[in-house]
Amino acid sequence: MNWMSLFAKNENISPEETREYIASKPAGSFQLLDVRQPGEYEQAHIPGAILIPLGELPDRLQELDPELETIVYCRSGVRSKAGCQILTKADFPRVLNMTGGITRWQGQHIGGTEELGLEYFITGDFSSALSMAYAMEMGLKQFYLLLSVKTDVPDHTELLEYMAKLEDGHMAKLNAQYQDIALNPADTSAVVAEGGIDVDDFLTRFGNQFKDIESILQVGMMFESQAYDMYTRLARKQTDEELKSFYLQMAAEERKHLQRLTRELEQRL
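Because the structure is predicted, anything quoted here is derived from the model rather than measured.

Reading guide: rules and limits
- Residues numbered from 1 in each chain as written.
- Predicted model: local features only at pLDDT ≥ 70, side-chain atom pairs only at ≥ 80, totals over all residues.
- Heavy atoms only, no water.
- Pairing = 2+ DSSP bridges.
- Helix = DSSP H or I, 4+ residues; strand = E, 2+ residues; numbered from the N terminus.
- Contact = heavy atoms within 4.5 Å.
- Axes fitted to C-alpha atoms, helices over the stretch in contact; angles between N-to-C directions.
- Phe/Tyr/Trp six-rings, centres within 6.5 Å; stacked < 30°, edge-to-face > 60°.
- Buried < 20%, exposed > 50% of the residue type's maximum accessible area, 1.4 Å probe, protein only.
- Right-handed = clockwise from strand over helix to strand, strands pointing away.
- Parallel < 35°, antiparallel > 145°, perpendicular 65-115°, else oblique.
- Left-handed = near helix turned anticlockwise from the far one by under 90°.
- Core = buried A, V, L, I, M, F, W, Y, C linked by side-chain atoms within 4.5 Å.
- Salt bridge = Lys/Arg side-chain N within 4 Å of Asp/Glu carboxyl O.

> Tell me about the sheet that holds strand E2 (residues 30-34), and name the residues and values.
Pairing within the open sheet is parallel, and its five strands lie in the order E1-E5-E4-E2-E3. Strand pairing shows two members of the sheet lacking a second neighbour, strand E1 (12-13) and strand E3 (50-51), which therefore form its edges. As paired elements, E2 and E3 share two bridges and run parallel to each other. When the sheet's bridge partners are listed, Asp-34 is paired in E3 with Leu-51. Across the sheet, helix H4 (residues 78-89) is in contact with E2, strand E4 (69-73) and strand E5 (95-98); its angle to E5 comes to roughly 175°.

> Describe the packing of aromatic side chains, naming the residues involved and giving the relevant values.
Applying the stated rule across the entire model yields five aromatic pairs. Ring centres 5.4 Å apart and planes at 75° place the aromatic pair Tyr-21 and Phe-30 in the edge-to-face group. The exposure class assigned to Phe-30 is buried, which follows from its relative accessible area of 12%. Considering the side-chain rings of Phe-246 and Tyr-247, the 5.7 Å spacing of their centres and the 55° angle between planes classify their relative orientation as tilted. Both residues of the pair, Phe-246 and Tyr-247, count as buried. Grouped by ring-pair contacts, the aromatic residues Trp-3, Phe-7, Tyr-21 and Phe-30 constitute a single cluster.

> Outline the pairing of E4, supporting the account with residue identities and numerical values.
Burial analysis of E4 places five of its five residues in the buried class, which makes it a mostly covered element. The alternating pattern of E4 places Glu-69, Ile-71 and Tyr-73 and Thr-70 and Val-72 on opposite faces, both of which are buried. By the bridge criterion, five bridges tie E2 to E4 in an arrangement that is parallel. Bridge pairing in E4 links Asp-34 to Tyr-73. Bridge count between E4 and E5: three bridges; the pairing is parallel. In the strand pairing of E5, Val-72 is matched with Asn-97. Handedness of the crossover joining E4 and E5 through H4 is recorded here as right-handed.

> Just give me the short version of the packing of helix H6 (residues 154-177) against helix H9 (residues 213-236), but keep the residues and values in it.
Axis separation between H6 and H9 bottoms out at 12 Å; the angle between their running directions is 15°. By the angle between their axes, H6 is roughly parallel relative to H9. Regarding H6 and H9, the two cross each other, and that crossing is left-handed. Within the contact between the two elements, H6 uses His-156, Leu-159, Leu-160, Met-163, Glu-167 and Leu-174 and H9 uses Ile-213, Ile-216, Leu-217, Glu-224 and Tyr-231.

> Account for unusual backbone geometry, naming residues and giving values.
With a phi close to 70°, Asp-91 is a non-glycine residue in the positive phi region. By secondary structure assignment, the location of Asp-91 is in the loop between H4 and E5.

> How would you explain the nonpolar core if you had to name every residue and give the values?
Ranked by size, the top nonpolar core spans 55 residues in total, and within it Ile-13, Tyr-21, Leu-32, Ile-46, Tyr-144, Leu-174 and Tyr-231 carry the most contacts. Sort the elements by how many residues they give to this core and H9 lands first, with 13 residues. Among residues more than four places away in sequence, those in contact with Leu-174 are Leu-130, Ala-133, Tyr-134, Glu-137, Tyr-231, Phe-246 and Met-250. Within the second largest apolar cluster, 14 residues are counted, among which are Ile-52, Leu-61, Leu-64 and Val-72.

> Before we move on, could you go through the pattern of salt bridges and cite the residues and values that matter?
What the rule picks out here adds up to 11 salt bridges. The partner of Asp-168 in a salt bridge is Lys-141, and the shortest N-O contact between them spans 2.9 Å. In this pair, Asp-168 is assigned in helix H6 and Lys-141 in helix H5 (residues 129-148), connecting sequence segments 27 residues apart. A relative accessible area of 33% places Asp-168 in the partly exposed class. The exposure class of Lys-141 is partly exposed, given its relative accessible area of 23%. Here Arg-268 makes a salt bridge to Glu-264, at a shortest N to O gap of 2.6 Å. Within this pair, Arg-268 and its partner Glu-264 are both found in helix H10 (residues 241-268), separated by four residues, close to a single helical turn. For Arg-268, a relative accessible area of 25% gives the class partly exposed. Through salt bridges with shared partners, one network takes in Glu-56, Arg-60 and Glu-63.

Structural data, given as structure tokens:
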């Protein structure tokens with residue numbers, strides 16, 4: 001697909017083309033703008049999307065980078081078309097409307113407010129973004145390890161243990177990036193899963209939903225999407241270029257994790 005040519009027309013992009021575009025682009029090299037209301041965004045949104053409701057868009061244009069290629073979406077494609085018109089009139093040169101909106105989106109999507117968006121991982125207050133990210137990575141590691149003991153298929157165990165080791169690598173990178181910040185044990189022990197319960201309770205309560213590797217992979221994809229969403233959000237809010245680059249690197253690695261799980265799932269379906 002010639003993306004440059006598509007953006008030069010400033011017209012439409014299908015949900016499938018949007019998914020291909022996102023997969024082909026590094027985190028931070030484009031903008032995905034959600035112009036729905038906060039409640040709609042909280043129910044489900046595409047990982048990495050920026051929420052600016054259509055009615056607020058003219059007054060919040062400074063939150064977007066006009067130099068980046070921008071894809072706008074809503075529920076069905078009507079509000080996003082209007083959003084594209086607002087951006088084009090404000091001299092955003094490369095803007096596309098995702099036709100059909102999120103109702104036709106077949107890719108990964110997640111829930112949660114823009115301010116948090118991590119209800120599947122963590123809850124409560126954290127002393128720093130580091131502690132929050134570290135708790136999330138620890139939660140993912142626990143998730144994979146605890147599920148690895150629930151399967152008696154060697155290949156499945158090997159895959160889940162491999163995913164857990166990847167989270168070890170992320171925790172090491174977080175520690176290395178913030179050597180001057182001491183992790184707060186109270187923060188890192190606050191790892192929880194859906195509904196505000198800890199991971200052990202989560203598995204006790206919902207373990208019967210993980211009867212096969214396919215369902216485990218799908219939940220893992222949801223978690224990895226949450227992680228990608230968090231790191232892209234942290235990158236957008238950073239003014240320090242070094243930290244912004246670090247968070248974008250972490251987002252890129254989370255996307256690789258998501259792609260690995262996606263391939264594993266497709267091989268089994």
